[in-house]
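# Structural overview
This is what each chain is made of:
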Amino acid sequence: AAGAARRGVTADAAVSAARAAMDSSEWAEMKPAARARLLNWLADAMEACAEELAAIETLNNGMPLGDARHFHVPHAIETLRYYADVYDHVVHLID
């Protein structure tokens, strides 16, 4: 949060962006393959800065760095890839 504040990102701005995203029909109307690409893109971005994310997670909640580095961050990345795979291989079966 402190890093976000230094970059000029406020909680109000984050809430406004989240609200705009929820009110938008872009995600709801997006094809499953496009959703899968975005989830994989986010997973790739998280992998690229996994060490920084682990440090931020440690500062955020006080967990040991090793837990964040070896479980929480990799698990978040794995979860994104799992749902990308669901979109890619399963959702089109029920459209």
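Preceding this paragraph is the structure being described.
These lines cover the structure that appears in this document, whether it is placed above or below.

In terms of helices and strands, the protein carries six helices and zero strands. Mapped from its N terminus to its C terminus, the protein presents α and β elements in the order α-α-α-α-α-α. Here the protein holds 95 residues, and 20% of them are scored as buried. In the protein, of all internal contacts separated by at least 6 residues, the share reaching a separation of at least 24 is 52%. Summing over all exposed atoms, the protein offers an accessible surface of approximately 7100 Å²; the carbon and sulfur share of this is 61%.

So, on to the side chain of Thr58. Considering the arrangement of structural elements, one finds Thr58 in helix H5 (residues 50-61). The class for Thr58 is buried, based on a relative accessible area of 19%. Setting aside residues no more than four positions away along its own chain, Thr58 makes contact with Met63, Pro64, Leu65 and Ala68.

On the secondary structure map, Arg35 appears in helix H4 (residues 32-48). Discounting residues that sit within four places of it in the chain, Arg35 has contacts with Trp27, Ala28, Glu29, Met30 and Tyr87.

So, about the nonpolar core. Core analysis: the largest hydrophobic core is formed by twelve residues, namely Ala36, Leu39, Ala43, Met46, Ala54, Met63, Ala68, Val73, Ile77, Leu80, Ala84 and Tyr87. At the level of secondary structure, the elements contributing two or more residues to this core comprise H4 and helix H6 (65-94). Of all the elements, H6 adds the most residues to this core, at six residues. Ignoring anything within four residues of it in the chain, the contact list for Ile77 reads Ala43, Met46 and Glu47.

With that settled, consider the packing of aromatic side chains. What the rule picks out here adds up to two aromatic pairs. Seen in terms of ring centroids, Trp27 and Tyr87 are 6.4 Å apart; in terms of plane orientation they differ by 80°. Their pairing is edge-to-face. Residue Trp27 is located in helix H3 (residues 26-29), and its partner Tyr87 is located in helix H6; the two are separated by 60 residues in the primary sequence. By relative accessible area, which is 39% here, Trp27 ends up partly exposed. Ring geometry for Tyr82 against Tyr83: centres 5.0 Å apart, planes inclined by 85°, an arrangement best described as edge-to-face.

Attention now goes to the pattern of salt bridges. Here the structure, examined in full by the defined rule, presents four salt bridges. Among the salt bridges present, the one from Arg81 reaches Asp44, with a minimum N-O distance of 2.5 Å. Of the two residues, Arg81 sits in helix H6 while Asp44 sits in helix H4, which places them 37 residues apart along the sequence. Residue classification places Arg81 among the partly exposed positions, given a relative accessible area of 26%. Take Asp44: its relative accessible area is 41%, and that puts it in the partly exposed class. A salt bridge links Glu47 to Arg81, with the nearest nitrogen and oxygen atoms 3.1 Å apart.

Conventions adopted
- Residues numbered from 1 in each chain as written.
- Predicted model: local features only at pLDDT ≥ 70, side-chain atom pairs only at ≥ 80, totals over all residues.
- Heavy atoms only, no water.
- Helix = DSSP H or I, 4+ residues; strand = E, 2+ residues; numbered from the N terminus.
- Buried < 20%, exposed > 50% of the residue type's maximum accessible area, 1.4 Å probe, protein only.
- Contact = heavy atoms within 4.5 Å.
- Areas by Shrake-Rupley, 256 points an atom, 1.4 Å probe, with all protein chains shown as cover.
- Core = buried A, V, L, I, M, F, W, Y, C linked by side-chain atoms within 4.5 Å.
- Phe/Tyr/Trp six-rings, centres within 6.5 Å; stacked < 30°, edge-to-face > 60°.
- Salt bridge = Lys/Arg side-chain N within 4 Å of Asp/Glu carboxyl O.

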